[in-house]
Amino acid sequence: MSNYTYEVINYSSEQQSANNLQSDLLKSFSSVYDKFSPSIFGILMHWIKDEKLAGELLVTVFKNAWDSRKLYDEKQQRLFTWLYKITLLAYKNRKIVV
């Protein structure tokens, strides 16, 4: 059994996380990373089972989220769902075959 578990996300602060995501302040975005990266890393580890590659993809996921942060629409989907979709795309587009 894996040492990595999915973190239960408290959606009561969803609005604050969405605001932090769309902020142009990297410090605010880091709170989104702190909140969601354990869950995203757990998903990547479940799929890949390679800690180094999962870590590299985690960086890609959050770089892509930062680059496209203005496109996130909280009325369309929850922040975790949006990040999950970015994660799935990063996994499918990875250059290294596992």
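Residues numbered from 1 in each chain as written. Predicted model: local features only at pLDDT ≥ 70, side-chain atom pairs only at ≥ 80, totals over all residues. Heavy atoms only, no water.

Undergrad: How do you make sense of the overall build of the protein when you look at a structure like this?
TA: Across its full length, the protein holds four helices and zero strands. From first element to last, N terminus to C terminus, the protein shows the α and β order α-α-α-α. Counting every position in the protein, which comprises 98 residues, the buried fraction comes to 40%. Taking all contacts inside the protein whose residues are at least 6 apart in sequence as the whole, residues at least 24 apart take part in 67%. A total of about 6,400 Å² of accessible surface is found on the protein, and carbon and sulfur atoms cover 56% of it. (Helix = DSSP H or I, 4+ residues; strand = E, 2+ residues; numbered from the N terminus. Buried < 20%, exposed > 50% of the residue type's maximum accessible area, 1.4 Å probe, protein only. Contact = heavy atoms within 4.5 Å. Areas by Shrake-Rupley, 256 points an atom, 1.4 Å probe, with all protein chains shown as cover.)

Undergrad: Help me understand the side chain of threonine 87, please; the structure alone is not making it clear to me.
TA: The residue threonine 87 is located in helix H4 (residues 79-92) in this model. In this structure the side chain of threonine 87 is engaged in a polar contact, spanning 2.7 Å, whose partner is the backbone oxygen of leucine 83. Apart from the residues lying within four places of it in its own chain, the contact partners of threonine 87 are Ile40, Leu44, Trp47 and Val61. (Polar contact = N/O pair within 3.5 Å; in protein donor to acceptor, adjacent residues only side chain to side chain.)

Undergrad: How should the nonpolar core be read in this particular structure?
TA: Across soluble globular proteins, nonpolar side chains have a tendency to be buried as a group. Formed by 23 residues in total, the largest nonpolar core has its most connected members in Phe36, Ile40, Leu44, Phe62, Leu79, Trp82 and Leu83. The dominant element in this core, judged by the number of residues it contributes, is helix H2 (residues 26-48), at nine residues. (Core = buried A, V, L, I, M, F, W, Y, C linked by side-chain atoms within 4.5 Å.)

Undergrad: What exactly am I supposed to notice about the side chain of serine 68 here?
TA: By secondary structure assignment, the location of serine 68 is in the loop between helix H3 (51-67) and H4. Within the local environment of serine 68, its side chain forms a polar contact with the backbone oxygen of asparagine 64, the two atoms lying 2.7 Å apart. Those residues in contact with serine 68 that lie beyond four places of it in its chain are Trp82 and Ile86.

Undergrad: Help me understand the packing of aromatic side chains in this model?
TA: Remark: the centre distance and the inter-plane angle together describe each pair of aromatic rings, the angle taken between the planes. In this structure the tally under the stated criterion is seven aromatic pairs. Here the aromatic rings of tryptophan 47 and tyrosine 84 are separated by 5.8 Å at their centres, their planes lie at 65°, and the arrangement is edge-to-face. A residue pair is termed long-range when its members are at least 10 positions apart, and tryptophan 47 in helix H2 and tyrosine 84 in helix H4 qualify at 37 residues. Ring plane angle 55° and centroid distance 5.3 Å describe the contact between tyrosine 72 and tryptophan 82, whose orientation is recorded as tilted. Highlighted residues: tyrosine 72 in the loop between H3 and H4 and tryptophan 82 in helix H4, separated in sequence by ten residues. Taking relative accessible area as the criterion, tryptophan 82 reaches 9% and is therefore assigned buried. These aromatic residues form a ring-pair network of at least three members: Phe29, Tyr33, Phe62 and Trp66. Directly above the aromatic system of tryptophan 66 lies the positively charged group of arginine 69, at a separation of 3.7 Å from the ring centroid. Between the NZ or CZ atom of arginine 94 and the centre of the ring of tyrosine 91, over which it lies, the distance is 4.1 Å. (Phe/Tyr/Trp six-rings, centres within 6.5 Å; stacked < 30°, edge-to-face > 60°. Lys NZ or Arg CZ within 6 Å of the ring centre and 35° of its normal.)

Undergrad: Would you explain H4 in this entry?
TA: Every α-helix winds through 3.6 residues per turn, so residues three or four apart in the chain are directed the same way. For H4, spanning 14 residues, the distance from its first C-alpha to its last is 20 Å, which sits close to the expected 20 Å at 1.5 Å a residue. Among the residues of H4, those classed as buried are Leu79, Phe80, Trp82, Leu83, Ile86, Thr87 and Ala90. In a view along the axis of H4, the buried residues occupy a sector of 160°, so they form one face of it. In H4, those exposed residues whose orientation departs by more than 90 degrees from the buried face are Leu89 and Lys92. (Expected span 1.5 Å × (residues − 1). Arc of directions from axis to C-beta.)

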